[in-house]
2 protein chains.
Amino acid sequence: MLYRLVVTQEQIEDNIIHLQKEQEHYLRRVVRLNNEDNFIVINGQGSCWKVKLTPHGGEIIESLTENRELPIAVTLMVALPKGNGFEDIIRCTTELGVNQLQPLISDRTLLKPSTNKLQRWRKIAIESAEQSERQIVPYIAPPISVNEAFTTANKLTIPKYIAFARSSTPHLQYFLTKDLSSSVPAQMIIATGCEGGWTTKEVEKAIACQFQEVSLGKRILRAVTAPIMAMSLVSSAIENN
Amino acid sequence: MLYRLVVTQEQIEDNIIHLQKEQEHYLRRVVRLNNEDNFIVINGQGSCWKVKLTPHGGEIIESLTENRELPIAVTLMVALPKGNGFEDIIRCTTELGVNQLQPLISDRTLLKPSTNKLQRWRKIAIESAEQSERQIVPYIAPPISVNEAFTTANKLTIPKYIAFARSSTPHLQYFLTKDLSSSVPAQMIIATGCEGGWTTKEVEKAIACQFQEVSLGKRILRAVTAPIMAMSLVSSAIENN
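These numbers come from a predicted model, not from an experiment.

Novice: Would you explain the sheet that holds strand 1 (residues 4-6) of chain B in this entry?
Specialist: Within a sheet, each strand pairs with its neighbour through backbone hydrogen bonds, oriented either parallel or antiparallel. Residue and element names in this part refer to chain B. The strand order across the open sheet built from six strands is 1-4-5-6-3-2, with neighbouring strands paired in mixed fashion. A strand with exactly one partner marks an edge of an open sheet, and here the two such strands are strand 1 and strand 2 (12-13). Looking at chain direction, strand 5 (residues 48-54) and strand 6 (residues 57-63) are connected through six bridges and run antiparallel. If you follow Lys52 over to strand 6, its bridge partner there is Glu59.

Given below as structure tokens:
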């Protein structure tokens, strides 16, 4: 299995990959590649090449057509959990095929993320995309308020779900079966709350912004588990064959 | 919402709950309950009571009939991942309704767990069962070899699945839809591999022991994510309404 590396569009010039110093160091010292050895380069936007290591960087040998991406761009709007929980969410949901993660500052969010956090989160997304052999690196958006996120979502006529604990609403799986049965929409949004759950104001806002309330089952999930479960269900509903 | 506490059967005598010293300390100092305050006690085997704190311990007020349990006992056979990954698996899959976790020592398992680990794992299962408001505490079995686990499973005529990466076999979701459509079996086993995947010998053993090979989608999941996804799908297939 070849090592996978994510590069930016600016690093690609004709059939040459301009490796960053740290990337070259990593390939030679850690992955232990020598000149003429092959590795895989992805640009994080769907393109993928087999590349040969040379004294001058990488040389593209061939374009690859592998595709492990879902045919739907799923945005998970995730109220930031305590501690490092969001890092686990990035890792797991990247493996499960998420397209974008929108961290939310909800009324009950305890964490106030620093700008360093965003950089760290994006690094984790790159690593997870490499490990799970994806062609796309999920975009980790800067954290915004629930109000702002829901207002923006309201403008999109796509399926939008918001997960509730202790709710008598049908299960997310029920809506996925219904909404994905005839054709797969291009986009979808799923919002999950933080430890204390959504406030009444947040719920009212979601409903006003055309979010469908859904259940994730009878048990009380942590803020970390809910988005992982939701993404598991979407990818399975689509790859179910 | 009332605080939930797991006690052993031996702590229950008629309508009195004999609290352990640490439990009483936790209830009074951390949860900040006073005498006459209520909390919920579960015995981890399906029974559940509303209990009043008294100077002598707990006094059962009434038996509760709430039920957040799945009607199927799912055993996850999980090849032990690196580091503390198994702790994340216990937390998430307990929330998702697992009945038993069987840690596996596979040919590619790097972790050699100490006996202390098992105690720690069981403590995490209790905490997660309390938090997710379950009536049952999942049983964390002592780690055994893949060979032993699959041989034991072979004696059970229940659905048994083994998850593979890079496989052309149908998705777990496909088999769940099929196998749960007419009636829900009493038990089910799902096995997931460690970082390096299963060895050829392990795969052959699984097939000889009547395990059905299944896929969990196109992307490569870590050893931590696979059992969480599998448990998400089982609980949703059953609670899907």
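Novice: Looking at this structure, how should I read the interface of chain B and chain A?
Specialist: Interfaces are often described in size by the accessible area the parts lose on coming together. With 36 residues of chain B at the interface, the matching set in chain A holds 36 residues. Summing both sides of the interface, chain B and chain A together bury roughly 3,300 Å²; the carbon and sulfur share of this comes to 51%. Joining chain B to chain A, the criterion identifies six salt bridges. Two residues, B:Arg222 and A:Glu95, come together in a salt bridge whose shortest N-O distance is 2.4 Å.

Novice: How should I be thinking about the pairing of strand 6 (residues 57-63) of chain A in this particular structure?
Specialist: Two faces belong to every sheet, and in a regular strand the side chains alternate between them. All names here are of chain A. As paired strands, strand 3 (residues 16-17) and strand 6 are joined by two bridges and run antiparallel to one another. Across the sheet, residue Ile16 finds its bridge partner in strand 6, namely Glu59. In textbook terms, the turn of a hairpin is the stretch between consecutive antiparallel strands, and for strand 5 (residues 48-54) and strand 6 this stretch comprises two residues.

Novice: Explain helix 7 (residues 225-239) of chain A to me, please; I cannot follow it from the model alone.
Specialist: Given 3.6 residues per turn, any residue in an α-helix points the same way as the ones three and four places further on. Helix length check: helix 7 of chain A, at 15 residues, gives a terminal C-alpha distance of 21 Å against a target of 21 Å (1.5 Å per residue), a fit within 8%. Most of helix 7 of chain A is tucked away, with 14 of its 15 residues classed as buried.

Novice: For this particular structure, what's the right way to read the pairing of strand 5 of chain A?
Specialist: For strand 5 of chain A, the buried fraction is high: five of the seven residues fall into the buried class. Between the end of strand 4 (residues 38-42) of chain A and the start of strand 5 of chain A, which pair antiparallel, lie five residues, with A:Gly44 showing a positive phi angle near 75 degrees.

Novice: Help me out: how do you make sense of the pattern of salt bridges in this one?
Specialist: Two side chains bearing opposite charge may form a pair once their charged atoms approach each other closely. If you walk through the whole model with that rule in mind, you get 28 salt bridges over all chains. Residue A:Arg166 pairs with B:Glu133 through a salt bridge whose shortest N-O separation is 2.6 Å. With A:Arg166 in the loop between strand 11 (160-164) and helix 5 (172-179) and B:Glu133 in the loop between helix 3 (115-131) and strand 9 (139-140), this pair bridges two chains. Relative accessible area serves as the criterion here: at 6%, B:Glu133 is assigned to the buried category. Of the charged contacts in the structure, one is a salt bridge between B:Lys123 and B:Glu127, with a shortest N-O distance of 3.7 Å. Of the two residues, B:Lys123 and B:Glu127 are both situated in helix 3; the distance of four residues between them amounts to about one turn of the helix. Residues joined in a network through salt bridges with shared partners are A:Glu87, A:Asp88, A:Arg91, A:Lys117 and A:Arg120.

Novice: What am I meant to see in the domain arrangement of chain A here?
Specialist: All names here are of chain A. Domain annotation of chain A identifies domain 1 (4-63) and domain 2 (73-239). On a C-alpha basis, the centres of domain 1 and domain 2 stand 32 Å from each other. At the interface, nine residues of domain 1 touch seven residues of domain 2. Applying the counting rule to domain 1 against domain 2 returns zero salt bridges. At the junction of domain 1 and domain 2, the tally comes to three residue pairs in polar contact (both at pLDDT 80 or more). Here the side of domain 1 that touches domain 2 takes three residues from strand 1 (residues 4-6), the largest share from any one element. Its residues assigned to classes, the side of domain 1 that touches domain 2 shows four nonpolar, four polar and one charged.

Reading the values: rules and limits
Residues numbered from 1 in each chain as written. Chains lettered and ligands numbered in written order. Predicted model: local features only at pLDDT ≥ 70, side-chain atom pairs only at ≥ 80, totals over all residues. Heavy atoms only, no water. Pairing = 2+ DSSP bridges. Helix = DSSP H or I, 4+ residues; strand = E, 2+ residues; numbered from the N terminus. Contact = heavy atoms within 4.5 Å. Buried area = accessible area lost by both parts, 1.4 Å probe. Salt bridge = Lys/Arg side-chain N within 4 Å of Asp/Glu carboxyl O. Expected span 1.5 Å × (residues − 1). Buried < 20%, exposed > 50% of the residue type's maximum accessible area, 1.4 Å probe, protein only. Domains from an automatic or database assignment. Polar contact = N/O pair within 3.5 Å; in protein donor to acceptor, adjacent residues only side chain to side chain. Nonpolar A, V, L, I, M, F, W, Y, C, P; charged D, E, K, R; others polar.

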